[in-house]
Amino acid sequence: MLTYALRRLLLAIPTLLLISLIIFLMVDLAPGSPMSEIPRSIPPEARQKMIEALGADQPVLVRYLLWLRQFFLIEPAYLIDGWFGTSLGGGAQRILSWQSRAPVFDVIGQRLGQTMTVIGAGYVIAVLIAVPIGVYSAYRHYSWFDQVGTFIAMIGYSVPTFFTGVLLIVIFAVNLGWFPSYYDTSLTVTDFATFKRQVWQMALPVTVLALFHAAEISRYTRSSMLDNLGQDYVRTARAKGLLEPQVVLKHALRNSLIPVVTVLALGMPSIFGGSIIVEQVFKVNGIGAALIGAIVANDLPMVQTLTFIFAVLIVVFNLVADLLYGMLDPRIRYE
Amino acid sequence: MSEPVSETVGKPVSETVSETGHGLFSDRPRSPWADVLRQFRSHGGAVAGVVILGLLVLAVVVGPFLWRLDPAFIAPKATDMFKMRNLAPSLAHPFGTDQLGRDQLARMLAGGRVSLAVGFVAMLISLFIGTTVGVLAGYVRWLDGPLMRLTDLFLALPLLPLLLVMVMLFRDALASVLGPEAGAFLLIVGAIGLTSWMQAARIVRGDVLALKEREFVLAARSIGTPPHLIVLHHILPNVISPIMVAATLGFASAIITESALSFLGLGFPPDFPTWGRLLFEGVEYMQADPNRVLFPGVAISLTVLSINYIGDGLRDALDPRLRRR
């Protein structure tokens, strides 16, 4: 298991480096980058000085390595300083946002929690809804429950989140007035009343995310459960007189969840992508909203860093899923 | 399956016979595509999907010739414009008007054209890249490793953020060369195609790997058929079914992605309606007029739902194990 984990970890590092290179080059070489948009009225000497001051006269490779150093050495050093009160950073230049002149990582640190709370809650609820539905539809294959479930899953899978979100706002916030139509980021949970408000304002965005992902996950659970229920070992388990719940929930379900874990991992990019939309609809002040804000304001360091943070999150969660997979299915470890 | 007649049990017999043109006992062999069609037609959801998608495409293609109001028309006099604003649905404007007095039905039709065209072209691009990568990886051994690592890399990319960044960086440059509409179209279609080919590539590679070792390919190689002809004549026709299924799913997801970009305000320029853009504009007015978000939202959802059902039906129809039931 340890060698397997190490191998996966070592594979993740070149992936991350390549992704960072792609993101860096795309932003750096794009025609829309501000380096190319210094007005022509500026005299050439001043222009040269500006470019030198920005470090833009260095070769691409040097700038890429400097950016990597900032990202992987200097920023974590400041993070540790913040936690333990040390001074590892030593006053080195941090990645600054062009919009707010504040370090990019401070902004991200403030916002990551919001994103993770909403997405995490949505995803956990999605799994909790989807797995039982998938199992029961497979167990009662072609029953009315299965038919209705498949139809609803198809709808949940096809209706885009930005439409479900808007629809829920129109119905539950505007017409019925049950829930607030936007998410109040400044709310801090201190007692029961604020906790209730927090749950209330999370209800709609979490519902949207949960519905969308539950549709996908339940379909995968169902088809993987169907495959397993037809296997010989299930017949053997029944033949030796095990109770039905034991056969289905212990023998078949365990094996069926293995491919579902892969789907959860492969869905990571779309989950974080989807969070951008849900944050936009419900005005959640998370990193997705920060990305949109930075794009509108042409704030390149922020955009570069946030895109890369999304990539890091995806790779990390993929790694977690890989490790889970290795734990669930010992055959994977010895490929 | 002892008697041959039982093969048509569960399907209207007269229909299958007349449709395929020959019965079970005729001399001519049954074409496999007729079988596929027969199986496809037994999938209720898929047939409904074809009908609904067909109606939507028809409405969007023919509609603007029948409903002749200009989607960009704003009354030139300010007083007229104010009178035309935010009208509720009526005979003159069945879907109402927007905040500038433009006819919503005309805008929906024009927007649908763009949304469907974007989805279709982006799907073609992603299929082309995916099939090329898949065939190369499956057929050329030394390319397999690098190309599959590339596919894994693309699968780990944060796609929506990257798409947003691409639109932000390249929109103005392309717009100055090609004009705002053509520039935005090319950019969005290209960006979506470039970021959605991975599934198709994986499926095609798997199939090619299996096909490569089959006898008919070995036979073709042994009589000296050059590799590009083997791929064109023997491999590609045999991977067409997974490609078709990937195509429908790609079409649906491309439409959703375009709408999502437009919804985030980073799609087409404001005067250029797409369903996603109309939904985005409608959000501001949804308290006063929920129709503004309902119509484009339902249009997108219906399109994607019917395409997904068609994909489901195609997958069942193209699977020979299911077809024989």
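The structure presented is a predicted model; accordingly, all values stated were derived computationally and were not measured.

All right, on to the confidence of the model for chain B then. All names here are of chain B. When pLDDT is averaged along chain B, the result is 78; 81% of the residues meet or exceed 70. Highest mean pLDDT in chain B belongs to helix H10 (residues 215–222) (88); lowest belongs to helix H1 (residues 13–20) (44). Considering only residues more than four positions removed or in separate chains, one finds that residues 1–22, a stretch of pLDDT under 50, has 27 contacts.

Let us look at unusual backbone geometry. Residues and elements named next belong to chain A. Not every positive phi belongs to a glycine, and Lys-283 is a case in point at roughly 55 degrees. Relative to the assigned elements, Lys-283 resides in the loop between helix H10 (268–282) and helix H11 (287–296). On the basis of relative accessibility, which here comes to 54%, the residue Lys-283 falls in the exposed class.

This paragraph deals with the nonpolar core. Among the nonpolar cores identified, the biggest contains 146 residues, and Ile19(A) and Leu164(B) are the most heavily contacted of them. Both domain 1 (19–84) and domain 2 (104–328) of chain A contribute no fewer than three residues apiece to this core. Other than its neighbours up to four places away in sequence, Ile19(A) contacts Phe308(A), Ala311(A), Val315(A), Leu153(B), Ala156(B) and Leu157(B). Grouped together as the second largest cluster of nonpolar side chains are 11 residues, Val135(A), Val247(A), Ala252(A) and Leu253(A) included.

Next up on the list: the domain arrangement of chain A. Residue and element names in this part refer to chain A. Under the domain assignment used here, chain A contains domain 1 (19–84) and domain 2 (104–328). Placing a centre on the C-alpha atoms of domain 1 and another on those of domain 2 gives a separation of 36 Å. Listed by partner, the interface residues are 12 residues for domain 1 and 10 residues for domain 2. A per-residue breakdown of the area domain 1 buries against domain 2 is headed by Ile-23, Val-27 and Phe-71, which together make up 45% of the total. Run the count over domain 1 and domain 2 and you get 0 salt bridges. Going through the elements one at a time, helix H1 (2–29) and helix H3 (60–84) are the ones with two or more residues in the side of domain 1 that touches domain 2.

Structurally, Ser158(A) can be placed in helix H5 (residues 144–158). The class for Ser158(A) is buried, based on a relative accessible area of 0%. A polar side-chain atom of Ser158(A) sits 2.9 Å from a polar atom in the side chain of Asn308(B). When residues no more than four places from it in sequence are discounted, the contact partners of Ser158(A) are Ile256(B), Ser301(B), Val304(B), Leu305(B) and Asn308(B).

What follows is about the interface of chain B and chain A. It is common to give the size of an interface as the accessible area that goes away when the parts come together. The interface of chain B with chain A comprises 40 residues on the first partner and 45 residues on the second. Here chain B packs against chain A, burying approximately 3700 Å² in sum over the two surfaces, 85% of which is carbon and sulfur. Of all residues in chain B, Leu153(B), Met168(B) and Leu169(B) bury the most surface against chain A, accounting for 16% of the area lost on that side. The tally of links between chain B and chain A comes to 1 salt bridge. Among the ionic pairs, Arg219(A) bridges to Asp312(B), the shortest N-O distance being 3.7 Å. In this structure, the connection of chain B to chain A is made through 1 residue pair in polar contact (both at pLDDT 80 or more). Counting residues per element, the side of chain B that touches chain A draws most heavily on helix H14 (residues 291–318) of chain B, which supplies 12 residues.

Quick look at the pattern of salt bridges now. All names here are of chain B. Counting across every chain of the model gives 10 salt bridges over all chains. Between Asp-152 and Arg-149 there is a salt bridge, and its shortest N-O distance comes to 3.3 Å. On the criterion of helical spacing, the pair formed by Asp-152 and Arg-149 is a turn pair, its members being 3 residues apart in helix H6 (residues 141–155). Residue class for Asp-152 comes out partly exposed when judged on its relative accessible area of 29%. Measuring nitrogen to oxygen at the nearest pair gives 3.0 Å for the salt bridge that ties Asp-152 to Arg-202.

In this section: the packing of aromatic side chains. For the structure shown, the criterion picks out 7 aromatic pairs over all chains. With a centroid separation of 5.1 Å and an interplanar angle of 55 degrees, the aromatic rings of Phe154(B) and Trp197(B) are classed as tilted. Residue Phe154(B) is found in helix H6, and its partner Trp197(B) is found in the loop between helix H8 (180–194) and helix H9 (198–212); the two are separated by 43 residues along the sequence. By the ring-pair criterion, three or more aromatic residues cluster together here, those being Tyr136(A), Trp144(A) and Phe145(A).

On to the environment of Ser253(B), then. Locating Ser253(B) in the fold gives a position in helix H12 (residues 240–263). The spatial distance from the C-alpha of Ser253(B) to the C-alpha of Met123(B) is 8.7 Å, given a sequence separation of 130 residues.

Cut-off values and rules
Here the residue index of a chain counts from 1 through its sequence in written order. Each chain gets a letter, beginning with A, and each ligand a number, beginning with 1, in the order they are written. The predicted origin of the model limits local features to residues at a pLDDT of at least 70 and limits the giving and counting of side-chain atom pairs to 80 or more, whereas totals for whole chains, interfaces and linings rest on all residues. As a convention, hydrogens and water are excluded, and side-chain values are obtained from all of the structure's heavy atoms. What pLDDT conveys is the predictor's confidence in a given residue, as a value from 0 to 100. For helices the rule is a DSSP run of H or I covering at least 4 residues; for strands it is a run of E covering at least 2, with both sets numbered from the N terminus onward. Contacts between residues were defined by any pair of non-hydrogen atoms, one from each residue, lying within 4.5 Å. Only protein chains enter the area calculation, which uses a 1.4 Å probe; residues under 20% of their type maximum are buried, those over 50% are exposed, and those in between are partly exposed. Definition of nonpolar core: a set of buried residues of the types Ala, Val, Leu, Ile, Met, Phe, Trp, Tyr and Cys, connected through side-chain atoms within 4.5 Å. Boundaries between domains were set according to an automatic or database domain assignment. Here the quantity called buried area is the accessible surface, traced with a 1.4 Å probe, that two parts lose on coming together, added over both. Each reported salt bridge corresponds to a side-chain nitrogen of Lys or Arg within 4 Å of a carboxyl oxygen of Asp or Glu. Whenever two N or O atoms come within 3.5 Å, that pair is a polar contact, provided that in protein one can donate a hydrogen and the other can accept it, and provided that, for residues adjacent in sequence, both atoms are side-chain atoms. Only Phe, Tyr and Trp rings are paired, with Trp represented by its six-membered ring, and only when their centres lie within 6.5 Å; those with planes under 30 degrees apart are stacked, over 60 edge-to-face, the remainder tilted.

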